[in-house]
Amino acid sequence: MPRDPYEVLGVGRDASAQDVKKAFRQLAMELHPDVNAHDPDAEEKFKEAAEANEILSDPERRATYDRYGHDGLRSGGYAPNFDSFGSISDLFNAFFGGAPSGRGGPAQGGDIAVAIEIDLLEAANGATVEVSYEAVERCEHCHGNGAEPGTPIETCERCAGHGQLQAVTRTPFGQMARTVLCDVCHGDGRVPKQPCRECRGRGRKTARRELEVDVPAGIADSQRIRLSERGHAGEAGAPAGDLYVLVRVREDERFVREGDDLIAALDVAAPLAALGATLQTPTLEGMASVEVPPGTQPGEVLTLRGEGMPGLRRGRRGDLRMVVNVMIPRRLSEEQRELLERLNGTLTAENLRSDESMFAKLRRTLRGDGA
Ligand SMILES: [Zn+2]
Ligand SMILES: [Zn+2]
C-alpha cells in the first residue's frame, strides 16, 4: 500500500497548491538520484515524492484521494508511472529547468541543483568538492542548429515558417480557434533538411559534467553556492542556466554549532573541579589546553576564544564554549570512601556556598554569554 501523499510531502490536508509545489520542490532537491548519491534509498524516496506530487497537484485526483484514498484512484484508472529512471529525470528537468522554451528570443538554459555533503572540519577550513551532474549542452557536431553539417536548413512547410499553428476545436458553443506551437519545428519556423546525426536534430544533448566547487570556510548547513552559467546550455545565442550547489554539513559527534561558535561538553573529575586543573580538550583542529579554575561548578561554561568556526563574512573566528560536566566518582573502594567521608566531615557552609544560583547559570549557558 503506498503511503499517504500528504505525509510523504509533509504538508497538511489543507495545504494550498503553492504549498504542495514548494514541499515537492524542496524534497526533490534533496532526493534526486543525480544529486543525492549518499542515500541508497534516495531514488525510491524521490519516486514516492513524485507520485505524491502527481496526486496532490491535480485538483481532481486530490479530491478523489481525499474521498476514497488510493483505492479510489486506482479504480478510477489512475496509476502512477515513474518506473524508469528517465521519467524521473524528465520530471526533475521540468521542475528545475532544461524544459523547452516558449516563444520570443532564444531562451536561457535551465538551472541545475546539486547537493554536496561535507563535515564540520571542511566547513571550517573550506574545501574543494567535486560534483558530477548531467547537463544539456550544445551539440558540437552541428553547432547547435540541428542540421547535419553541409546540409541546408529550410523553412518549415507545416507552419510556413511562423512557428505557430491555428488549431480549431469544436465545442458546444461553436468553433474555438487557438494558437499552438508547430509540432514539426517546435516554434523555430525552420527545420533542418537532414537532422544532425549526433543530436537527432535537437541541437543539444545531455552530457555528464564534472566540476570542482570551492566551498568557502565558515559555510553553514543548507547554504547554497551559485555558479553562474554552469547549468543547462541555452538556445543558440542565449546564456546557460546556473548551477546551485546545496551544501549539507554533517553533524559532528563532538561539537554542536551555534552561529560561529562551537559548543562541547568538558568532562571534569569532581576532585579536579574543586582543586582546579589544566586539562587537554579536543578542538576542531586538534587539542588545546583549558584552565579549569578551582571551585568550578557543573554546567559552568569555559570559553576558548577563537576556537570556533570562521565567520563567513567577518574575519573573526567564533569561540569554543565548553559546558563543564562534573564527573562524580562511582563504585568507590574502601579507601576512597574513607577519604570522601573524612573530606565531607570537614566541609563548612563557606565551602558549599554557591556564588550563583543553578538557574542563573543555566540561563547564562543558553544565552551563550560565556564565562
Ligand atoms: Zn547536433
Ligand atoms: Zn513549423
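Structure first, text after, so check above.
All values derive from a computational prediction rather than experimental measurement.

Asker: How should I be thinking about the coordination of the zinc ion (ligand 1) in this particular structure?
Answerer: Expected angles at a metal are 109.5 degrees for tetrahedral coordination by four donors and either 90 or 180 degrees for octahedral coordination by six donors. Looking at the zinc ion (ligand 1), one finds its protein donor set to be Cys-139 (SG), Cys-142 (SG), Cys-196 (SG) and Cys-199 (SG), positioned 2.3 Å from the metal centre. Because the angles between the four donor atoms bound to the zinc ion (ligand 1) fall within 102 to 116°, the donor set is best described as tetrahedral.

Asker: Would you mind showing me how to read unusual backbone geometry here?
Answerer: Of note, the phi angle at Ala-160 is positive, near 55°, even though the residue is not glycine. Its relative accessible area of 51% is what places Ala-160 among the exposed residues. The phi dihedral of Ser-222 is positive, around 75°, even though this residue is not glycine. Within the fold, Ser-222 resides in the loop between strand 7 (204-215) and strand 8 (223-227). Exposure remark for Ser-222: the relative accessible area of 38% places this residue in the partly exposed category.

Asker: Hey, could you run me through the pattern of salt bridges in this one?
Answerer: Should the charged atoms of two oppositely charged side chains come close, the side chains can pair. In this structure the tally under the stated criterion is 22 salt bridges. Glu-198 is the salt-bridge partner of Lys-205, the closest N and O atoms lying 3.5 Å from each other. Residue class for Lys-205 comes out partly exposed when judged on its relative accessible area of 32%. By relative accessible area, Glu-198 is classed as partly exposed at 41%. Between Glu-258 and Arg-321 there is a salt bridge, with its nearest N and O atoms 3.1 Å apart. Note that Glu-258 is positioned in strand 10 (residues 256-258) and Arg-321 in strand 15 (residues 320-327), a separation of 63 residues in sequence. Three or more residues are tied together by salt bridges with common partners; here these are Glu-148, Arg-197, Glu-198 and Lys-205.

Asker: Sorry, what's going on with the coordination of the zinc ion (ligand 2) here?
Answerer: Protein coordination at the zinc ion (ligand 2): the donors are Cys-156 (SG), Cys-159 (SG), Cys-182 (SG) and Cys-185 (SG), at 2.2 to 2.3 Å from the metal. The site at the zinc ion (ligand 2) holds four donor atoms, and with the angles between them running 103 to 120°, its shape is tetrahedral. Every donor residue of the zinc ion (ligand 2) comes from the same chain, spaced as C-x2-C-x22-C-x2-C. Of this pair, Cys-159 sits in the loop between strand 3 (153-155) and strand 4 (164-171) while Cys-185 sits in the loop between strand 5 (174-181) and strand 6 (190-192), placing them 26 residues apart in sequence.

Asker: Quick question: what am I supposed to make of the sheet that holds strand 11 (residues 261-269) here?
Answerer: Across a sheet, paired strands are connected by hydrogen bonds in the backbone, their directions being either parallel or antiparallel. With mixed pairing, the four strands of this open sheet are ordered in space as 10-11-15-14. Either end of the sheet is taken by a strand with one partner, and the two such strands are strand 10 and strand 14 (301-304). With strand direction ignored, the average angle separating the axes of adjacent strands in the sheet is 35°. Note that strand 10 and strand 11 share three bridges and pair antiparallel. Pairing of Glu-258 across the sheet is with Asp-261, part of strand 11.

Asker: Would you mind showing me how to read the packing of helix 3 (residues 42-56) against helix 4 (residues 59-75) here?
Answerer: Describing two packed helices takes the angle between their axes plus the distance from one axis to the other. Orientation of helix 3 relative to helix 4, taken along the N-to-C sense of each, is 125°, at an axis distance of 9 Å. For the element pair helix 3 / helix 4, the angle class is oblique. The segment helix 3 lies against helix 4, with Glu-54, Ile-55 and Leu-56 engaging Arg-61, Arg-62, Tyr-65, His-70 and Leu-73. Here the residues of the contact of helix 3 with helix 4 sort into four nonpolar, one polar and three charged.

Asker: I would appreciate a short explanation of the nonpolar core in the present structure.
Answerer: Burial of nonpolar side chains together is a common tendency in soluble globular proteins. Formed by 40 residues in total, the largest nonpolar core has its most connected members in Ile-118, Tyr-133 and Met-322. Among the elements that line this core, the one with the most residues is strand 2 (residues 127-138), at five residues. Setting aside residues no more than four positions away along its own chain, Met-322 makes contact with Ala-264, Leu-266, Thr-281, Val-290, Glu-300, Val-301, Leu-302 and Leu-304. Counting residues in hydrophobic clusters, the runner-up holds 20 residues, among them Ala-23, Phe-24, Leu-27 and Tyr-65.

Asker: Would you mind showing me how to read the packing of aromatic side chains here?
Answerer: Two aromatic rings are characterised by how far apart their centres lie and by the angle between their planes. On inspection of all chains with the given rule, the structure shows one aromatic pair. Ring centres 6.3 Å apart and planes at 45° place the aromatic pair Tyr-6 and Tyr-65 in the tilted group. Of this pair, Tyr-6 sits in helix 1 (residues 5-9) while Tyr-65 sits in helix 4, placing them 59 residues apart in sequence. There is no split in this pair, since Tyr-6 and Tyr-65 are both buried.

Asker: Could you clarify how one ought to interpret the sheet that holds strand 9 (residues 243-249) in this entry?
Answerer: The strand order 1-9-8 describes an open sheet built from three strands, whose pairing is mixed. Two strands lie at the open edges of the sheet, namely strand 1 (112-118) and strand 8, each paired on one side alone. Averaged over neighbouring strand pairs, the angle between their axes works out to 25° when direction is ignored. As paired strands, strand 8 and strand 9 are joined by five bridges and run antiparallel to one another. Across the sheet, residue Arg-226 finds its bridge partner in strand 9, namely Tyr-244.

Asker: What's the story with the packing of helix 2 (residues 17-31) against helix 3 in this structure? I'm lost.
Answerer: Contact pair helix 2 / helix 3: the axes reach a minimum separation of 9 Å and the direction vectors enclose 165°. Taken together, the axes of helix 2 and helix 3 lie roughly antiparallel to each other. Judged by the sense of rotation from one axis to the other, the crossing of helix 2 with helix 3 is left-handed. The residues of helix 3 that touch helix 2, namely those facing Val-20, Phe-24, Leu-27, Ala-28 and Leu-31, are Ala-42, Lys-45, Phe-46, Ala-49, Ala-50, Asn-53 and Leu-56. Tallied by class, the residues present in the contact of helix 2 with helix 3 amount to 10 nonpolar, one polar and one charged.

Rules and cut-offs
- Counting restarts for each chain, with residues numbered from 1 along the sequence as it is written.
- Written order decides the labels, with chains lettered from A and ligands numbered from 1.
- Given that this is a predicted model, residues contribute local features only at a pLDDT of at least 70 and side-chain atom pairs are listed and counted only at 80 or more, while totals for whole chains, interfaces and linings are drawn from all residues.
- Side-chain metrics rest on all non-hydrogen atoms present in the structure, leaving aside hydrogens and water.
- The rule for donors is simple: an N, O or S atom within 2.8 Å of the metal counts, and for Na, K and Ca the reach is 3.2 Å. Water is not among the atoms, so a site may look short of donors.
- By the criteria applied here, four donors are tetrahedral when all angles lie between 85 and 135 degrees, four are square planar and six octahedral when opposite donors are over 155 degrees apart and every other angle lies between 65 and 115, and any other arrangement is irregular.
- Three labels apply to residues, based on accessible area from a 1.4 Å probe with only protein chains included: buried if under 20% of the type maximum, exposed if over 50%, partly exposed otherwise in between.
- Under the DSSP-based scheme used, a helix requires at least four consecutive residues in state H or I and a strand at least two consecutive residues in state E, with every element numbered from the N terminus.
- By convention in these notes, a salt bridge is any Lys or Arg side-chain nitrogen within 4 Å of a carboxyl oxygen on Asp or Glu.
- The pairing criterion for strands is at least two bridges between them, as found by DSSP.
- What counts as an axis is a line fitted to C-alpha atoms, over the stretch in contact for a helix, and the angles between N-to-C directions run from 0 to 180 degrees.
- Note that the term roughly parallel is reserved for angles under 35 degrees, roughly antiparallel for angles over 145, roughly perpendicular for angles of 65 to 115, and oblique for everything else.
- We call two residues in contact when some of their heavy atoms are within 4.5 Å.
- Polarity classes work like this: nonpolar for Ala, Val, Leu, Ile, Met, Phe, Trp, Tyr, Cys and Pro, charged for Asp, Glu, Lys and Arg, and polar for all others, with Gly in that last group.
- Think of a nonpolar core as a cluster: buried Ala, Val, Leu, Ile, Met, Phe, Trp, Tyr and Cys residues, connected wherever their side-chain atoms sit within 4.5 Å.
- Only rings of Phe, Tyr and Trp enter the pairing, Trp through its six-membered ring, and a pair is recorded when the two centres are within 6.5 Å. The plane angle decides the type: under 30 degrees is stacked, over 60 is edge-to-face, the rest tilted.
- Each crossing gets its handedness from the near helix: less than a right angle anticlockwise from the far helix is left-handed, clockwise is right-handed.

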